[in-house]
Structures are given as structure tokens and as C-alpha cells.
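Remarks on the overall topology
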Amino acid sequence: MKQVKQPLPERAPANLRPHELLLLAAWFGLAGGLLEGFFAWTLQQARWVAWSRLSSSVDLNILWASALVNTLLFVVLGAVLLPVLTRWGRWPALAAALFGTLTAYGWLSTSGRLRERGVIMLSLGLGAVAWRWMERAPARRLTLMRRSVVPLVLICLLAWVSVNGGERIWEKVQVARLPQPPANTPNVLLIVLDTLRADHVGSYGYPRPTTPNLDAFAKQGVLFEKTFANASWTLPSHTSIFTGRLPSEHGAGLWPYDGRFPTLAEIMSQHGFATGGFVANQLMCSAAFGLSRGFQRWKNLSWGWGDIFTHSTFGLKFHKLYRGYLNSYQNFSGMSAPEVNERFLSWLDGRDARPFFAFLNYMEVHEPTRPPREFAARFSDDPEALDRTAWRKPQKYPYQSPGFRRLALDSYDASLAYLDSQIGALLEELRKRNLDQNTLVIITSDHGESLGEHGLDGHRSALYLEQIRVPLLLRFPGRIPENRRVPGVAGLQDLASTIAEMAGVQKHPFPGVSLASRWSGGETSGDELFAVSELDHFPFSSLEKWPCYHGAIKSIISSRWHYISHQKFGVELFDWNQDAQETQNLAKTEEGARIAAEYGAQLQKRLTSAQHSEQRLVAHPR
Amino acid sequence: MILYVGPDQLIPLSGVFGTIFGLALMFWGKVLQGCRKLTSWLFSRSAEHKSQV
Ligand SMILES: [Zn+2]
């Protein structure tokens, strides 16, 4: 077989004008970006992506978003290279190779799992294919691009319209199929202030003026003084709130929630509630993590420029650079408190008369905390410096230096004060809509935050008090007494049954006991109540300082004792009322050993349905 | 550990495979030429073998 060799043109034909390089760049950006978005979405649906990719939300908007980002980047790059590149006669082939390589790199990086060296080499190989493709007939190829660029733009627009319109239609269909709930069924608003530790809230005894609005809210209802999250990080804790199950039962943590138990939104939906989730935490609360189950509307991306930018391979790469450089992280994208409020309220105003179950999650006190200057100035002598502590894992600053700790603390408090003002604004909007009377409002958090205690920063590292103790406030005029404080221990896994019962859903699958009995006088101080928290083993290389790096941790806490059992380091016992910093481990004392044995048995009793994490290695159908 | 279910065992080899395929695509002409040479050499050998029988 003899191959017919086509003569390679030495120069691009005369009718090729240099500015057509921009057309070529745009074409690669559009076509490649659409495919990149499709790959990213498909891989995330199949969960065949690295943790770092799974943990950032993706929905179908990624189709047009990555095309937009790639097009802009490629056109800018094309414009910069234009004077140099087009000097050479064979510029179309060279440009095709360049943008082909970049496009291929974008595709091959979408899983985040392939080895970088292989990705680069294969991208260069595909770039060479693009070179040969262009080299064979540059004029014809450029004509093809000229003709297809408008249809490609239309496809992007169509994707944008159909994704957003499709969501609305899907929601309308879902709502139309709901049964009609009984008259006077109340609304439910569940608010999670992500990462809010209880002891920084005024009504929990914090001396700084961080939470005037929450404190006023607390006076209108019930406050649980000793509430504990079932995990010290977002995904398992939210799943416990939604399912009423402990982390070892529901299985969400290292793996997304697989839907083995019905969620609050699913049950509320079945009982005729309009359900909406407006969620700022885009790291763990994407649909891919299973928390959106049962919600007719779920928004955890604003698809503003930050979100658009971070939904492409190159945008993510830049984001990582930016994050390292500016010591910043998530606030590049994700919704701010005003955005969460706005999206929730516009949903509220657009729905029909049926009762709603809404879930709001705010990220203002999650690191990186970036309080507005006005609030920073209220809590710090050096408000400008607060920005530098946004991501509280400083490389440049002495980690545990008192000066740095002060800044981190001020930043947290100032952010909390800002968030509190936004919650105040939200509650005011509810009042204006006459929704404050027939609505059960719950305000809590999914976990706390270490601000230097135990040498730790952030959360998901241990189960010490500061990482699991959260506020819990409930208000329901006429149904919940005003200004009542419940002193005993409560765990967030009891929220599901509490909410279902308060909303009139008597038959529900949630195992917890409704907390209603606790404020209606059923609590005696002699009752021994416990809350259980769990944290998976996280053997990831960057976390050596974290206790969970070395083994799984479980904790059980009563109104006096806090028992923590670490897979490798053994047992700790703290008298947390006396020792709120949990610095004195009493497990080795004579009395402590006896109590620890008793608490260990209590913990075991409550974890009977715990499963080994190995059994969860199988992906479950969604 | 942080990876999800899939052909996980092949992931560590993605660097090697990517490099091999990438180089093959870059020098595709040479690869084809090499293949052609190889097949013609094999054919000529088998023809030689037959003629000897
Ligand atoms: Zn969280």
C-alpha cells in the first residue's frame, strides 16, 4: 500500500488573515470547553473523580461555563501571541497545536485522577494530531471553524437556557405532583450557620457582641444549652441532621450519602411541602454528595463569575494559584449570606400557597473568614490584618503565636457579627411577609471550629468540645414557649424527628426522639442524656497534625463528662464543665477509669449498627 | 484511599500510558513507518520460511 503524500504548504494561503487566529482560539475554546464540561459532569455523575474534584459542586451549568472560560482564556492568549505567531507562514498549524494541546489538557484533567506527567504528554500528542489536521488543509479547516463558531455559541446558549429552564420545569412538575397537606400545616425553615461554635454566641455566654440578632431570636423561643453535632465536619453532620442517624449508620463521610435512609426533605416532600435548599457550602453540599435528595430546588452555586471561573480546568488551576498566593480559599466562589437570603426569598415569593420546608446554609464563619471592613473594625484594632488570616493555616505566620491567634479569633467573631446581621435581615423579611407566625425556625450549626485549642485550627480533625458543640435555637410562636433554656444534652440527629413531628408529619422513619418533650417540661435534671459524635480515619498526607489522620475517633458526651476514644491513641475523659478547654485527661485517674469504662459501654451500645468503612467502598446507586 | 470505584488499579499507570500514547501520537508518521517496516519484515520472513519448506 502506497501512501499518497500531500505536499505541505509552506505558507498559509494568502486569504488567511492573521486575526483569524482569534477565530481559531475561540473555536477551540468553545468546542473543547463544551466537551470538557460534558466530561466533568459525566465523571462526577459516575463519581469517577478525585476527592478534590468531587468536593466542588458541579451541575449541568458546567457545559456552558467551561466553554465560556476556555473561550475567553484562549482568545486572550491568542491576542497576546498574535503578533509573534502569525509572522510564521505555518501559523494555523502551530496555533492548532497550541490550542489543541491546551484543550486536551483540559479534558484529561477533568477527573483529577490521572498522573500529571501522563496528562501533559498525551495532551502534547493530541496537540500534534491537531497540528497535522490543520497542516493538511489550513484554508479548509479555518472555513469549517468560521462556519461552526456561531452554531457552537448557540449550543452554549441553548445549554444555558435549557439547564436553567429545565430546572424550573422539573421543579414545577415535582410540585404539581405533591399531595395537598392539611390546612394550617406550618412552614419549616432550617438554618445551618456552618462552622459556628456555640461558645461564641452571646446567649451561650460569649462576652463579645457577636450575635445580637441570634440572642433576640433565642428569647422568642427555646435554646438548648448543650447541643452536639454528630460529626465535626459538614457532610456527615448534615447527613445526620437530614436522616436522624449517626455517621456510622448513614455512611456519609469519606463517601457521598448513598440514600440508604430517607431524608427530611424526601419525607417533607412526600407530605406536600415545597422543598428548597439554598446552600453556600459548595465544598460538601453538592448534589454529587447526596444532600440535595428530596429538594425540589437546590441551589449551591450562584453561577456568578467566581463559580463560572472555577468550573473549568484552567479556572481551577488559576484558583489554586490565587488561593495559595492570597491565602484565600472558598470565598472566590460559592454564595454569600446576602445571596443565600436573596435566592431563598425569591423562591419563597415565587411559590404557590403550600407550606415550605427550606434549608439554608451560610458559610461566613467557615474559613476563610473575611469580614467586611465595618465589622472587622468593631472587633479588631488592626482590621486590615484580618484579611491575611482568612485561611487560618498560615505558612508565613507563626502558627500558634498570640498575635496570630488574636487575629484569627477577631476575624471569626467579626464574620459572625456580619452573619448575625444577615440572619437578622432574613428574619425581618420573614416578618414582613407574615411568615414569622406559622413558621418553625431552627437555627443551628453543623460543627464547631478549633481556634488554636489543642494546637488545632479548623475542624474535621478531632472531636474536642470546640469542634462539636453547636448552638440550637428553635422558634415557633404559640407552639414553642418563649425564652426557655433547656439545660440537658441534645444531639443534632434528633432534629429530623423533631422537625417532622412539629410539622405535623406523625408517621416518619426518623429514629430520634422529638426534642419537643424537652421544652414542654419533660426534662428533669437527673436524666442522663448523651450525644454521640464520630469522625472517620483520614489518612491523607497533608493532615499529619490532625488526630483523625492517625485513626477514627468516637465520642460520647453527657452534661458533665466527655469521653473520646481514638482508634490509636486510646481514651480521653474530660470534666468539660470544669475544664472547657479539655486539657486535663482524667481517664487514667481511679474515678476517671471507672467513668470511662461506663461511657465506653454506653458508646458501644449506641453504635451497634456501625459498619466498617471498608464495606462502604462500593459506590451505591443514587 | 481517596479514589472512587472504577478501574482504580490502572490509575498509577496513567503516567506511563499517557507518555507512551502521547509520544506515539507526536511521532505518528515514524510509528506508522516502523509498523510498516515490521510487517513487511515479518511477511518476508514467513515467505522465506515457506520457500525453504
Ligand atoms: Zn460545615
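Quick caveat, the model's predicted, so the values are computed rather than measured. (Residues numbered from 1 in each chain as written. Chains lettered and ligands numbered in written order. Predicted model: local features only at pLDDT ≥ 70, side-chain atom pairs only at ≥ 80, totals over all residues. Heavy atoms only, no water.)

Helix and strand counts for chain B stand at two helices and zero strands. Out of the 53 residues belonging to chain B, those deemed buried represent 17%. By element, 73% of the accessible surface of chain B is carried by carbon and sulfur atoms, the whole surface being about 4,200 Å². (Helix = DSSP H or I, 4+ residues; strand = E, 2+ residues; numbered from the N terminus. Buried < 20%, exposed > 50% of the residue type's maximum accessible area, 1.4 Å probe, protein only. Areas by Shrake-Rupley, 256 points an atom, 1.4 Å probe, with all protein chains shown as cover.)

Right, let's talk about the confidence of the model for chain B for a bit. Residues of chain B with pLDDT of at least 70 account for 70%, and the chain-wide mean is 77. Per the prediction output, this complex has pTM 0.86; the corresponding ipTM is 0.76. (pLDDT = per-residue confidence, 0-100.)

In this section: the coordination of the zinc ion. Residues and elements named next belong to chain A. Of the protein atoms, only Asp194 (OD), Thr234 (OG1), Asp446 (OD) and His447 (NE2) coordinate the zinc ion, at distances of 2.0 to 2.1 Å. Coordination geometry of the zinc ion: the four donor atoms subtend angles of 100 to 128° at the metal centre, consistent with an arrangement described as tetrahedral. Here the donor residues for the zinc ion map to a single chain with the spacing D-x39-T-x211-D-H. With a gap of 212 residues between them, Thr234 in helix H8 (residues 234–243) and Asp446 in the loop between strand E6 (439–444) and strand E7 (450–451) connect regions that are remote in the sequence. Of the two residues, Thr234 and Asp446, neither departs from the other in class, the shared state being buried. (Donors = N, O, S within 2.8 Å, 3.2 Å for Na, K, Ca; no water. Tetrahedral: all angles 85-135°; square planar, octahedral: opposite > 155°, others 65-115°.)

Residues and elements named next belong to chain A. Scanning all chains against the criterion turns up 24 salt bridges over all chains. Two residues, Glu374 and Arg378, come together in a salt bridge whose shortest N-O distance is 3.3 Å. Remark: Arg378 and Glu374 occur in helix H14 (residues 373–379); sequence separation between them is four residues, near one turn of the helix. When sorted by exposure, Glu374 lands in the same class as Arg378, which is exposed. Close ionic contact of Asp410 with Arg406 constitutes a salt bridge, the shortest N to O distance being 3.1 Å. A residue pair is termed a helical-turn pair when its members lie 3 or 4 positions apart in one helix, as Asp410 and Arg406 do in helix H16 (residues 402–432) at four residues. The exposure class assigned to Arg406 is partly exposed, which follows from its relative accessible area of 43%. A single salt-bridge network, built from bridges that share partners, covers Arg208, Arg406, Asp410 and Asp413. (Salt bridge = Lys/Arg side-chain N within 4 Å of Asp/Glu carboxyl O.)

Two cysteines joined by a covalent bond between their sulfur atoms form a disulfide. Residue and element names in this part refer to chain A. Taken as a whole and assessed by the stated rule, the structure comprises zero disulfides over all chains. Of the cysteine sulfurs around Cys548, a residue in no disulfide, the closest is that of Cys285, at 19 Å. Residue class for Cys548 comes out buried when judged on its relative accessible area of 0%. (Disulfide = S-S within 2.5 Å.)

Residues and elements named next belong to chain A. Of all hydrophobic cores here, the largest spans 110 residues; its most connected members are Leu189, Ile191, Phe344, Tyr362 and Trp519. Among the elements that make up this core, the one with the highest residue count is H16 (seven residues). Those residues in contact with Trp519, other than ones at most four positions away along the chain, are Val222, Phe224, Leu474, Arg479, Ile480, Pro481, Arg484, Val486, Thr498 and Met502. Leu30, Trp91, Leu108 and Trp303 belong to the second largest nonpolar core, which has 39 residues in total. (Core = buried A, V, L, I, M, F, W, Y, C linked by side-chain atoms within 4.5 Å. Contact = heavy atoms within 4.5 Å.)

Moving on, we get to the domain arrangement of chain A. Here chain A is partitioned into domain 1 (20–163) and domain 2 (365–437). Computed from C-alpha coordinates alone, the two centres of domain 1 of chain A and domain 2 of chain A are separated by 40 Å. (Domains from an automatic or database assignment.)

Here we come to helix H1 (residues 20–45) of chain A. The end-to-end C-alpha distance of H1(A) is 37 Å, a good match for the 38 Å that 26 residues give at a rise of 1.5 Å each. Where H1(A) terminates, the next one or two residues include Arg47(A), which has phi positive at roughly 55°. (Expected span 1.5 Å × (residues − 1).)

Turning next to the sheet that holds strand E12 (residues 531–535) of chain A. Residues and elements named next belong to chain A. Within the open sheet, the four strands sit side by side as E12-E13-E14-E15. Their pairing is antiparallel. A strand with exactly one partner marks an edge of an open sheet, and here the two such strands are E12 and strand E15 (570–575). The mean angle between the axes of side-by-side strands here comes to 15°, regardless of whether they run parallel or antiparallel. Relative to E15, strand E14 (residues 561–566) runs antiparallel, the two sharing six bridges. The residue of E15 that forms the bridge with His562 is Phe574. Sheet contacts for helix H21 (residues 590–606): E12, strand E13 (553–557), E14 and E15; angle to E14, the most-contacted strand, approximately 70°. (Pairing = 2+ DSSP bridges. Axes fitted to C-alpha atoms, helices over the stretch in contact; angles between N-to-C directions.)

All names here are of chain A. Tallying each qualifying case throughout the model produces 28 aromatic pairs over all chains. Seen from their ring centres, Phe224 and Trp519 are 6.3 Å apart, and the 70° between their planes marks the pair as edge-to-face. Of the two residues, Phe224 sits in strand E2 (residues 222–228) while Trp519 sits in helix H19 (residues 516–519), which places them 295 residues apart along the sequence. You can call Phe224 buried: its relative accessible area is 0%. The buried category is assigned to Trp519, whose relative accessible area is 3%. Both rings, one in Trp347 and one in Phe356, keep their centres 6.2 Å apart while their planes meet at 80°; by these two values the pair is edge-to-face. Phe356 shares its class with Trp347; the two are buried. Clustering of aromatic rings is evident, with ring pairs tying together Phe242, Phe295, Trp298, Phe357 and Phe359. If you follow Arg245 out to its NZ or CZ, it ends over the ring of Phe261, 3.9 Å from the centre. (Phe/Tyr/Trp six-rings, centres within 6.5 Å; stacked < 30°, edge-to-face > 60°. Lys NZ or Arg CZ within 6 Å of the ring centre and 35° of its normal.)

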